[in-house]
Amino acid sequence: MKVLIINGSPRGENSNTMKVTRAFVQGMSESADIEVETVTVKDLKIEPCLGCFCCWSKTPGKCVIKDDVRSVTLKILSSDLVIYSFPLFYYSVPGKLKALIERQLPTVAPFMEGQRDYLVNGGHPPRFTAKHKTILISTCGFYPTDKSYDAIRAQFSMICGEGNFMEIFLGEGELFSRRVTQRRCQARLEAVHDAGVEYGRDGELSEATHEKICSHLYPPTMYAHLADVGWGITMEDFRKSDEETIKEVEALGKKIDLIY
Ligand SMILES: Cc1cc2nc3c(=O)[nH]c(=O)nc-3n(C[C@H](O)[C@H](O)[C@H](O)COP(=O)(O)O)c2cc1C
């Protein structure tokens, strides 16, 4: 089974999320015969889509931009499983990963006549028979992951089809790179590893396993404290920069004040 990991974190190898992804894939490799390749989005040349629709008209199936995207597209088409590994940024995927996703337009067809399902639901039919499973692995800084990932769930439901992807979303993501929380994070990574073994063996995760790996690491008040002290800056120092911003906005003609 060919597994493609698309690492969408701007932190590359140092990504919190990649710690989770690596543990999962390591587990998979112990129960399934897999060949793994990772593409690191931050290191690739990925221009934003020009919106020219040449890939549907003048140069069908091919984007006019010559950068690293085509090679990733070919890897996606030849994979059996694609794992998107990314941090949550403003309730969505990081911009460069979004650009890579938008540049997949050459792999779908523009025609709508006779495509009732796509016409009714919105969306374009895929051009190739190539099929792969999709797993989304993500960490975020907030505590809960139910509402904050709604936009991601909606987006990938349209891209992959409703229910056609598996999600592993973890809050408290920054704790994976803090020294004081390593013991608990390491235990979680071991559970994720075991989940990978299960997925490699069964092709899915039981509800109990999913709940176990996506549950909270700390109680909310303890997490709030750990998260706040982790920034290494006092509230007073933080506010000094707010005063500067207020002055600059006032110079533009609008009076604003501090809320927090
Ligand atoms: C620009 C930016 C936007 C972010 N937006 C969110 C957000 O909307 N919700 C959230 O819970 N965390 C947010 N975070 C926190 C990251 O998701 C979190 O730190 C994550 O663990 C980083 O993972 P990585 O190391 O794999 O990149 C944001 C971080 C940055 C830098």
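Refer to the structure above for everything that follows.
Conventions adopted
- Residues numbered from 1 in each chain as written.
- Predicted model: local features only at pLDDT ≥ 70, side-chain atom pairs only at ≥ 80, totals over all residues.
- Heavy atoms only, no water.
- Helix = DSSP H or I, 4+ residues; strand = E, 2+ residues; numbered from the N terminus.
- Buried < 20%, exposed > 50% of the residue type's maximum accessible area, 1.4 Å probe, protein only.
- Contact = heavy atoms within 4.5 Å.
- Areas by Shrake-Rupley, 256 points an atom, 1.4 Å probe, with all protein chains shown as cover.
- Salt bridge = Lys/Arg side-chain N within 4 Å of Asp/Glu carboxyl O.
- Phe/Tyr/Trp six-rings, centres within 6.5 Å; stacked < 30°, edge-to-face > 60°.
- Lys NZ or Arg CZ within 6 Å of the ring centre and 35° of its normal.
- Axes fitted to C-alpha atoms, helices over the stretch in contact; angles between N-to-C directions.
- Parallel < 35°, antiparallel > 145°, perpendicular 65-115°, else oblique.
- Left-handed = near helix turned anticlockwise from the far one by under 90°.
- Nonpolar A, V, L, I, M, F, W, Y, C, P; charged D, E, K, R; others polar.
- Near = heavy atom within 4 Å.
- Polar contact = N/O pair within 3.5 Å; in protein donor to acceptor, adjacent residues only side chain to side chain.

Caption draft 1: Region of interest: the overall build of the protein. Helix and strand content of the protein: nine helices and five strands. Ordering the α and β elements of the protein from the N terminus gives β-α-β-α-β-α-α-β-α-β-α-α-α-α. Seen through its principal axes, the protein has C-alpha atoms that stretch 60 × 55 × 35 Å. Among the 260 residues that make up the protein, the fraction classed as buried is 41%. Once local pairs closer than 6 in sequence are excluded, the contacts in the protein between residues at least 24 apart make up 73%. A total of about 15500 Å² of accessible surface is found on the protein, and carbon and sulfur atoms cover 55% of it.

Caption draft 2: Structural context of the pattern of salt bridges. Enumeration over the complete set of coordinates arrives at twelve salt bridges. Between Asp43 and Lys42 there is a salt bridge whose closest N-O contact spans 2.9 Å. When its relative accessible area of 40% is taken as the criterion, Lys42 is described as partly exposed. Lys255 is the salt-bridge partner of Glu250, the closest N and O atoms lying 3.2 Å from each other. Ionic contacts of the salt-bridge type, sharing partners, join the residues Asp150, Arg153 and Glu167 into one network.

Caption draft 3: Broad picture of the packing of aromatic side chains. Under the criterion given, the structure shown has seven aromatic pairs. Ring geometry for Phe53 against Trp56: centres 5.2 Å apart, planes inclined by 10°, an arrangement best described as stacked. For Phe53, a relative accessible area of 45% puts it in the partly exposed group. Look at Trp56 and you get buried, because its relative accessible area is 19%. One cation-aromatic arrangement involves Arg178 over Trp231; the distance from NZ or CZ to the ring centre is 5.5 Å.

Caption draft 4: Spatial organisation of the packing of helix α1 (residues 16-31) against helix α6 (residues 182-202). Packing of α1 against α6 brings their axes to within 6 Å, and their N-to-C directions diverge by 40°. Considering the angle they form, α1 stands oblique to α6. Seen along the crossing, α1 lies across α6 with a hand that is right-handed. Residue-level inspection shows Lys19, Val20, Ala23, Phe24, Gln26, Gly27, Met28, Glu30 and Ser31 of α1 in contact with α6, the latter providing Leu189, Val192, His193, Ala195, Gly196, Val197, Tyr199, Gly200 and Arg201. Class assignment of the residues belonging to the contact of α1 with α6 gives a composition of nine nonpolar, six polar and three charged.

Caption draft 5: Local environment of the site of the ligand. Around the ligand, the surrounding shell holds 16 residues, and the nearest of these are Ser9, Ser15, Asn16, Thr17 and Glu174. Taking Asn16, its main chain carries an N or O atom lying 2.7 Å from an oxygen atom of the ligand. Within the backbone of Tyr91, a nitrogen or oxygen atom sits 3.0 Å from an oxygen atom of the ligand. Within the complex, 79% of the 650 Å² of free accessible area of the ligand lies under protein. The residue inventory of the shell around the ligand, partitioned by class, reads seven nonpolar, seven polar and two charged.

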